[in-house]
Amino acid sequence: MSGLSEQILRATAEKLIAAHEEASRTDDWIFFVDELYALDCVYTCQYAGVMDVTANGIDEIKATHYGRDMQVGWEGWTFPYMGVYTGVGNKLVTHWMNRGPGQRADGSFYETPGISFLTLNDESKICRQLDMFDLTHQMKLCDDLDDAGLLSAQLKSQWVLPMKAKLAAQIACNQ
C-alpha cells in the first residue's frame, strides 16, 4: 500500500456513513457492500470475548454482519456517526452509536457508543474492519428499551437473551 491521501480516506468514510444512513432508513444492509468493501475484506466484530464474528470476503460479510445479524429485530435502530479520524497507512477510525428506537422521557436517545477500525486498500475499498462496543452497556440499553416497550421480541429472544447467557457464563468462569 502506498498510502491514500486524507481527502480520499475521508471521502471513503463519507460514502460509508451515507450508506449506513440509507440502510437505517430502508433496512437494506447489503446494497453497499460490493461498492465499499474489497473482495477479500476481513470484517470482525468482537462481542466482549464471548463471541467473535469474522467474515472473510464480501459474500460472508453480506451473509453475516449485514445480512443475518441485521435481520434479527434491529428494525428501527440507527447507527449515526459521531466522528471520523484518519491515521497513517490507509487507516480510519469511526465513532458511531448503536441507537435504539424511540427516545427517553427526557428527550435523549437510547444509545451506546461503538468504534470501527478500518484499513483501506489502494483502491480505497475497505479491506479490514474491526468493530467494537461495550456489550454490557448494550445489554443495559436493551433492558431500558424492553422496559419502555421498544425492544423487538425477536431481538430479545434471538440476540439479547443468548448474549446475556454468554456474558453470565464468562463472568462466572473461574470463580
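Residues numbered from 1 in each chain as written. Predicted model: local features only at pLDDT ≥ 70, side-chain atom pairs only at ≥ 80, totals over all residues. Heavy atoms only, no water.

Let us look at the overall build of the protein chain. Per the secondary structure count, the protein chain includes five helices and six strands. Reading the protein chain from its N terminus to its C terminus gives the helix and strand order α-α-β-β-α-β-β-β-β-α-α. Computed over the C-alpha atoms, the radius of gyration of the protein chain is 17 Å, within 12% of the 16 Å expected from 2.2 N^0.38 for a compact globule of 175 residues. Relative to its 175 residues, the protein chain shows a buried fraction of 45%. Of the side chains in the protein chain, 14 bear a positive and 24 a negative charge, and the two mean positions are spaced by 3 Å. (Helix = DSSP H or I, 4+ residues; strand = E, 2+ residues; numbered from the N terminus. Rg over C-alpha atoms; globule rule 2.2 N^0.38 Å. Buried < 20%, exposed > 50% of the residue type's maximum accessible area, 1.4 Å probe, protein only. Lys, Arg positive; Asp, Glu negative; His and termini not counted. Charge placed at Lys NZ, Arg CZ, Asp CG, Glu CD.)

The pairing of strand β3 (residues 81-86) with strand β4 (residues 91-103) spans five bridges and is classified as antiparallel. When the bridges of β4 are listed, Gly83 appears paired with His95. Between the end of β3 and the start of β4, which pair antiparallel, lie four residues, with Gly89 showing a positive phi angle near 70°. (Pairing = 2+ DSSP bridges.)

Here the focus is the pairing of strand β2 (residues 51-56). When strand β1 (residues 37-47) meets β2, the two strands line up antiparallel, connected through six bridges. The partner of Cys45 across the bridge, within β2, is Val53. Taking the residues between adjacent antiparallel strands as the criterion, β1 and β2 are bridged by three residues, where Ala48 takes a positive phi near 55°.

A word on the packing of aromatic side chains. In this structure the tally under the stated criterion is 12 aromatic pairs. Aromatic side chains Trp96 and Phe133 sit 6.3 Å apart centroid to centroid with 70° between the ring planes, which places their arrangement in the edge-to-face category. Taken together, the residues Trp96 in strand β4 and Phe133 in strand β6 (residues 126-133) connect sequence positions 37 residues apart. With a relative accessible area of 7%, Trp96 lands in the buried category. (Phe/Tyr/Trp six-rings, centres within 6.5 Å; stacked < 30°, edge-to-face > 60°.)

Below, the discussion takes up the sheet that holds β1. Adjacent strands of a sheet pair through backbone hydrogen bonds, lying either parallel or antiparallel. Overall, mixed pairing links the six strands, which are arranged β2-β1-β6-β5-β4-β3 in an open sheet. Both edges of this open sheet fall to β2 and β3, since each of them pairs with a single strand only. When strand polarity is set aside, the average angle formed by the axes of neighbouring strands in this sheet is 15°. As judged from the five bridges shared by β1 and β6, these two strands associate in the parallel manner. Looking at β6, one finds that Val42 is bridged to Arg128. Lying on the sheet, helix α3 (residues 58-68) is in contact with β1, β2 and β6; it crosses β1 at an angle near 40°. (Axes fitted to C-alpha atoms, helices over the stretch in contact; angles between N-to-C directions. Contact = heavy atoms within 4.5 Å.)

None of this, on its own, says anything about what the molecule does.
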